[in-house]
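Structural features, examined
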Amino acid sequence: KNGDILNKFDEKIELLKLNQQKKHLNWNSKIRKSKELAKELGNISDTHYYGTQWFKLNKQVTEYEKALKEEQDETLKELIKEELQSSLESLQNNESELISSMIDKDPADERDAILEVRAGAGGDEASLFAQDMLNMYEKYCGEKGWNFRLLSSSASGVNGIKEASASIKGEGAFGRLRHETGVHRVQRVPTTETMGRTHTSTMTVAVLPVAQEADVQIHERDLRIDVYRSSGAGGQHVNTTESAVRITHIPTGTVVAIQDERSQLMNKDKAMQVLRSRLFEVERRRLMDERNSQRSSQIGSGERNERIRTYNFSQGRVTDHRSSVSVHDITGMMEGLHLDEFIDSMITQELKQAIENLQKQK
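What comes next concerns the included structure. If you're wondering where the values come from, they're calculated on a predicted model, not measured in any experiment.

Parameters and conventions
Residues numbered from 1 in each chain as written. Predicted model: local features only at pLDDT ≥ 70, side-chain atom pairs only at ≥ 80, totals over all residues. Heavy atoms only, no water. Helix = DSSP H or I, 4+ residues; strand = E, 2+ residues; numbered from the N terminus. Polar contact = N/O pair within 3.5 Å; in protein donor to acceptor, adjacent residues only side chain to side chain. Contact = heavy atoms within 4.5 Å. Buried < 20%, exposed > 50% of the residue type's maximum accessible area, 1.4 Å probe, protein only. Pairing = 2+ DSSP bridges. Axes fitted to C-alpha atoms, helices over the stretch in contact; angles between N-to-C directions.

Within the secondary structure, Ser-323 is located in the loop between strand 10 (317-320) and strand 11 (326-327). Reaching out from Ser-323, the side chain makes a polar contact with the side chain of Ser-345 at a distance of 3.3 Å. In this structure Ser-323 touches Ser-345, Met-346 and Gln-349, once residues within four positions along its chain are discounted.

Written as structure tokens, this is what we have:
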């Protein structure tokens, strides 16, 4: 086992050094790449530190084990046993940190995010739940000190939303919110229900890492841009000005429509931001799947259709079906107060799986 860890440690250091050499060859975006370089250098530093500590602690354990066999004095043997136990515990903790530092981190986790919510099955109640969830994420971002800005929304006739997207700026926003991707189910009595019956509805969440222009190359010839008059709330202006923009990426069939701003140019800029992030996410997931066949794709597989959480209002309970974590304070949940409990449990689960995969490598 020690030999396997040593080999993985050496391989990781060499791989990280090679990655740095490659990064030095291309500085098209110096600021962005310098941040990535600093983070990866930090990974090297962590791996080197824990690797060095591992060698020291392993040597200590070996020396204490040898001394324990050779010592005849019972009092001294008890002292050696205590030191040996302490060193073994330190070695085990350090080994976990060392393995964690050798696990490849997703560089997109540090990026800002684009949140997309859509009403699912359940008619008007689904659109109301989608609005409630959008409000929950906005409050959560406020608690985290992140900037939440609505990009687009399509209202329903009952003060709900058919779909909406928002830009979220904050350190590590995507890395945390990506665990919210999937189908969210609500069980509650709608305000329009006269018989007091509980209805079940759904909404979906998709979270994309914000992409920069340097991340995705989009050719003008691959775009079809349509402008049209906005509809919905906004007064007379939205109905008399062709400010709404719909952009279709012809090669992939991806369509983004934005109509919230009064300016056609601003709507186009927002639409391009969302389009760029969607295309970047598709490519990011494809590359991740190539590196790790056990991780399913967020886009193009079944992850979006997976029911990840149920919000049961009559019982005041929220349950995550992936981690089996439950919170019995649905009011606080919808205020954004308990979301970290679910996200932290998924991050822990993901880390444990990554460590198991690393340990299984030959």
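Turning our eyes to something else, we now look at the pairing of strand 5 (residues 199-209). Within strand 5, eight of the eleven residues are buried, which leaves the element mostly enclosed by the surrounding structure. With seven bridges connecting them, strand 4 (residues 182-188) and strand 5 associate as antiparallel partners. From the neighbouring strand, Val-183 faces strand 5, where its bridge partner is Thr-204.

Relative to the assigned elements, Ala-244 resides in strand 7 (residues 244-249). Overall, the relative accessible area of 0% leaves Ala-244 in the buried class. Considered as a pair, Ala-244 and Asp-260 are 16 residues apart in the sequence and their alpha carbons are 7.5 Å apart. In this view, Ala-244 contacts Asp-226, Val-227, Tyr-228, Arg-229, Ser-230, Ile-258, Gln-259 and Asn-267; residues no more than four positions away in its chain are not counted.

Even without a glycine there, the phi angle at Asn-159 is positive, about 65 degrees. On the secondary structure map, Asn-159 appears in the loop between strand 2 (147-155) and strand 3 (161-169).

So, on to the environment of Phe-174. Its location among the elements puts Phe-174 in helix 5 (residues 173-177). Phe-174 sits in the buried class, given a relative accessible area of 0%. For the pair formed by Phe-174 and Ala-108, sequence separation is 66 residues and the distance between their alpha carbons is 7.1 Å. Discounting chain neighbours no more than four positions away, the residues touching Phe-174 are Ala-108, Asp-109, Arg-111, Asp-112, Ala-113, Val-207, Leu-208, Pro-209, Glu-281 and Arg-284.

The strand order across the open sheet built from three strands is 6-7-8, with neighbouring strands paired in antiparallel fashion. Each of the sheet's edge strands pairs with one partner strand only, and the pair in question is strand 6 (223-228) and strand 8 (254-258). Put simply, the sheet's adjacent strands are angled 15 degrees from each other on average, direction ignored. By the bridge criterion, six bridges tie strand 6 to strand 7 in an arrangement that is antiparallel. In the sheet register, Arg-224 faces strand 7, and the bridge partner there is Thr-248.

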